[in-house]
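Chain residues, written in single-letter form:
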Amino acid sequence: QVQFVESGGGLVQPGGSLRLSCAASGSIFSIYRMGWYRQAPGNQRELVAVFTNGDNVNYADSVKGRFTISRDNAKNTVYLQMSSLKPEDTAVYYCYAKSWNMRDYWGQGSQVTVSS
């Protein structure tokens, strides 16, 4: 089992920045893929940014150049630095991990609202 503690969501004006954090615990040795998804009202959950095997990163085209995923292995924590935020970035952001036995784990979600 893998558990997450997410933090950092909130309300921000367009053009502003936020940083999300996701601290993992439990069977973290089983994780080979970890990152962030988001889901806006009426939309399907979509990939934002994930570390794949090793240090490779996949970003959604819509966030490239604005969002940066990073991690602190000593703290078992993944971060999502979001800059130049747009109203269309408004969504619930979920921490995500996949284990080597193909099990998916999800955080509780963090609301990010971009509005003036």
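Residues numbered from 1 in each chain as written. Predicted model: local features only at pLDDT ≥ 70, side-chain atom pairs only at ≥ 80, totals over all residues. Heavy atoms only, no water.

What follows is about the overall build of the protein chain. Per the secondary structure count, the protein chain includes zero helices and eleven strands. Secondary structure of the protein chain in N-to-C order comes out as β-β-β-β-β-β-β-β-β-β-β. Computed over the C-alpha atoms, the radius of gyration of the protein chain is 13 Å, within 12% of the 13 Å expected from 2.2 N^0.38 for a compact globule of 116 residues. Projected onto its principal axes, the C-alpha coordinates of the protein chain cover approximately 40 × 25 × 25 Å. (Helix = DSSP H or I, 4+ residues; strand = E, 2+ residues; numbered from the N terminus. Rg over C-alpha atoms; globule rule 2.2 N^0.38 Å.)

A separate point is the environment of Arg19. For Arg19, the location among the structural elements is in strand E3 (residues 18-26). Taking C-alpha positions, Arg19 is 6.8 Å from Tyr79, a pair spaced 60 residues apart along the chain. Beyond its immediate chain neighbours, meaning those up to four positions away, Arg19 contacts Ser7, Gly8, Tyr79, Leu80 and Gln81. (Contact = heavy atoms within 4.5 Å.)

So, on to the state of the cysteines. By the definition in use, this model includes one disulfide. Here Cys22 engages in a disulfide with Cys95; their sulfurs sit 1.9 Å apart. In this structure, the disulfide formed by Cys22 and Cys95 twists by about -85° around the S-S bond and is classed as left-handed. Of this pair, Cys22 sits in strand E3 while Cys95 sits in strand E9 (residues 91-99); the two residues are 73 residues apart in sequence, bridging distant segments of the chain. Comparing Cys22 with Cys95, the two get one shared label, buried. (Disulfide = S-S within 2.5 Å. Buried < 20%, exposed > 50% of the residue type's maximum accessible area, 1.4 Å probe, protein only.)

A few words on the sheet that holds strand E8 (residues 77-82). Judged by pairing direction, the sheet is antiparallel, and its four strands sit side by side in the order E1-E3-E8-E7 without closing on themselves. In this open sheet, the two edge strands, each paired with only one partner strand, are strand E1 (2-7) and strand E7 (67-72). Between one strand axis and the next, the sheet turns through 20° on average, direction left out of account. In terms of strand pairing, E3 meets E8 through six bridges, oriented antiparallel. Residue pairing in the sheet places Ser21 in a bridge with Tyr79 of E8. (Pairing = 2+ DSSP bridges. Axes fitted to C-alpha atoms, helices over the stretch in contact; angles between N-to-C directions.)

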